[in-house]
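Examination of the molecular architecture
Read off the chains here:
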Amino acid sequence: MNPKILIIGACGQIGSELTYKLRALYGDKNVIASDISYSNLDIVNSGIFEIVDAQDYAAVKVCVEKHHINTVYLMAAILSATGEKYPMKAWDLNMNSLFHVLNLAKAKFIKKVFWPSSIAVYGPTTPKENTPQFTVMEPSTVYGITKQVGERWCQYYHEKYAVDVRSLRYPGIISWKTMPGGGTTDYAVEIYHKAITDKKYECFLKEDTKLPMMFMDDAIKATVDIMQAEEKDIKIRSSYNLAAISFTPKEIAESIKKHIPGFNMTYKPDYRQNIADSWPKSIDDAFARKDWNWNHEFSLQDITKEMLSQLRIKYNGLLKESN
Ligand code: NAD
């Protein structure tokens, strides 16, 4: 099957980079980007773009039919920190959008679905180190609840209706192209921006808060790999644990200091500390590595080097534009 792809939530942190990657792989005319607003002009202007509200079943269906879509990547969601501010909005968006896409697949309008879950499916009662694929899951955030329930529905639609839905539990994702959209791991992106612009950063988590993280290139690679894998090799239809590295705010600050010796980090934990404290510190992703050969590439040192060099170019360009 030649993929004809719709990305829902394509203007966001992950959706945008996924759009570039899938267009490079399958051609511009085979990858339709969509979002609820024109919030990322680079994406809007870089190929076919549609305004689609993921909560509007008819609008998603019209777009699918108009472009003869067979594969949907559903990236629209309200993330962990924003979800705690707007619990019902998070529940409505995260659940309705998933049901719409799963129902389109059940009705055979589309053949294949990618839907991301998160390490937020885990909660305070989950073993924190090397968290296994199958373990206690009692999420304490609305976001985590939507992801856990979503996983159950993905597995249910696969078993009852043979829907080919594939999913990954992303850790915190670090990237330089698009800013993150309201998650608890956002500090690990903001810190690089502030290191370049201000040489200092006030972190909203405590210095020893260890969380699982991943560079965007690895997250995109995992997404492409699981979607390209043979159907028979996808043995888990809830969502796969996925891991790369784990580090604390103190460790990321130290890796930045190797490049910017005067960098100063201070700590002022806020409501996001409680969310971070409920999540795993490290993840066992042996099933992903075994079933479809998942492998990460970027260490913390690699990420710091790449983030600082890309952001230096970006901010130099902005300074030139404003002169
Ligand atoms: P993001 O907040 O950066 O982007 C979400 C996009 O969805 C935005 O462009 C937004 O405009 C769009 N959107 C919101 N409401 C919409 C609607 N009604 N219809 C259509 N589009 C709508 O999020 P992200 O970081 O790119 O995350 C993508 C997915 O990955 C989400 O499911 C998220 O839960 C998951 N995830 C992300 C991370 C991370 O660290 N970024 C970690 C774990 C899981």
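Thresholds applied
- Residues numbered from 1 in each chain as written.
- Predicted model: local features only at pLDDT ≥ 70, side-chain atom pairs only at ≥ 80, totals over all residues.
- Heavy atoms only, no water.
- Domains from an automatic or database assignment.
- Contact = heavy atoms within 4.5 Å.
- Buried area = accessible area lost by both parts, 1.4 Å probe.
- Salt bridge = Lys/Arg side-chain N within 4 Å of Asp/Glu carboxyl O.
- Polar contact = N/O pair within 3.5 Å; in protein donor to acceptor, adjacent residues only side chain to side chain.
- Patch = residues over 30% accessible without salt bridge, like charges linked within 9 Å, V, L, I, M, F, W, Y side chains within 5 Å.
- Areas by Shrake-Rupley, 256 points an atom, 1.4 Å probe, with all protein chains shown as cover.
- Helix = DSSP H or I, 4+ residues; strand = E, 2+ residues; numbered from the N terminus.
- Phe/Tyr/Trp six-rings, centres within 6.5 Å; stacked < 30°, edge-to-face > 60°.
- Buried < 20%, exposed > 50% of the residue type's maximum accessible area, 1.4 Å probe, protein only.
- Lys NZ or Arg CZ within 6 Å of the ring centre and 35° of its normal.

Re the domain arrangement of the protein
Splitting the protein by domain gives domain 1 (5-173 + 215-241) and domain 2 (174-211 + 244-279 + 299-322). Here domain 1 and domain 2 have C-alpha centroids that lie 25 Å from each other. Taken together, the 26 residues of domain 1 in the interface contact 23 residues of domain 2. When domain 1 packs against domain 2, the two sides together hide about 2000 Å² of surface, and 57% of this comes from carbon and sulfur. For the domain 1 face of the interface with domain 2, the top three residues by lost area are Gln 13, Ala 81 and Phe 215, together amounting to 31%. The interface formed by domain 1 and domain 2 contains 2 salt bridges. A salt bridge links Glu 17 to Lys 177, with the nearest nitrogen and oxygen atoms 3.9 Å apart. Linking domain 1 to domain 2 there are 8 residue pairs in polar contact (both at pLDDT 80 or more).

Brief notes about a nonpolar patch on the surface
Taken together, the side chains of Tyr 38, Leu 41 and Ile 51 define a hydrophobic patch exposed on the protein surface, amounting to about 320 Å² of accessible area. With respect to the secondary-structure elements, Tyr 38 resides in the loop between strand S2 (31-35) and helix H2 (41-44).

A few points about the packing of aromatic side chains
Overall, the coordinates contain 13 aromatic pairs when judged by the stated rule. Here Tyr 38 and Phe 49 contribute two aromatic rings whose centre-to-centre distance is 5.7 Å and whose plane-to-plane angle is 40 degrees, an arrangement assigned as tilted. Pair noted here: Tyr 38 is in the loop between S2 and H2 and Phe 49 is in strand S3 (residues 49-51), with a separation of 11 residues, a long-range link. A relative accessible area of 53% places Tyr 38 in the exposed class. Here the aromatic cluster, defined as three or more aromatic residues joined through ring pairs, consists of Phe 99, Trp 153, Tyr 156, Tyr 157 and Tyr 161. In this structure, Lys 89 packs its charged tip against the face of Tyr 86, placed 4.9 Å from the ring centre.

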